[in-house]
Amino acid sequence: MLETHGHFLWWLVTAAVVIWYSTITIYVAIRGTADVREMLKNLSERKQP
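Residues numbered from 1 in each chain as written. Predicted model: local features only at pLDDT ≥ 70, side-chain atom pairs only at ≥ 80, totals over all residues. Heavy atoms only, no water.

Chemist: Where do I start with the overall build of the chain in this structure?
Modeler: In terms of regular secondary structure, the chain is built from 1 helix and 0 strands. For the chain, the exposed area adds up to about 5,000 Å²; of that, 70% sits on carbon and sulfur atoms. (Helix = DSSP H or I, 4+ residues; strand = E, 2+ residues; numbered from the N terminus. Areas by Shrake-Rupley, 256 points an atom, 1.4 Å probe, with all protein chains shown as cover.)

And the structure:
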């Protein structure tokens with residue numbers, strides 16, 4: 001079914017790209033959240049005399 005005319009190859013390439021993109025997006029979101037928390041912590045420490 002999927003093997004006709006190279007469709008399986010394109011399905012596999014598309015799946016790999018979607019997985020890669022999702023992984024990068026999740027990684028950036030997690031790192032960004034950690035960075036924002038660290039920045040807010042640093043800012044709150046600066047305000048205190």
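Chemist: I keep staring at the packing of aromatic side chains and nothing clicks. Help me out?
Modeler: Scanning the model with the defined rule gives 1 aromatic pair in all. Ring centres of F8 and W11 lie 6.3 Å apart, and the angle between their planes is 20 degrees; this geometry places the pair in the stacked category. On the criterion of helical spacing, the pair formed by F8 and W11 is a turn pair, its members being 3 residues apart in helix α1 (residues 7–47). The class of F8 is partly exposed, set by a relative accessible area of 38%. When its relative accessible area of 49% is taken as the criterion, W11 is described as partly exposed. (Phe/Tyr/Trp six-rings, centres within 6.5 Å; stacked < 30°, edge-to-face > 60°. Buried < 20%, exposed > 50% of the residue type's maximum accessible area, 1.4 Å probe, protein only.)

Chemist: Help me understand a nonpolar patch on the surface, please; the structure alone is not making it clear to me.
Modeler: Taken together, the side chains of W20, Y21, I24, Y27 and V28 define a hydrophobic patch exposed on the protein surface, amounting to about 600 Å² of accessible area. For I24, the position within the fold is in helix α1. What makes I24 partly exposed here is its relative accessible area of 38%. (Patch = residues over 30% accessible without salt bridge, like charges linked within 9 Å, V, L, I, M, F, W, Y side chains within 5 Å. Salt bridge = Lys/Arg side-chain N within 4 Å of Asp/Glu carboxyl O.)

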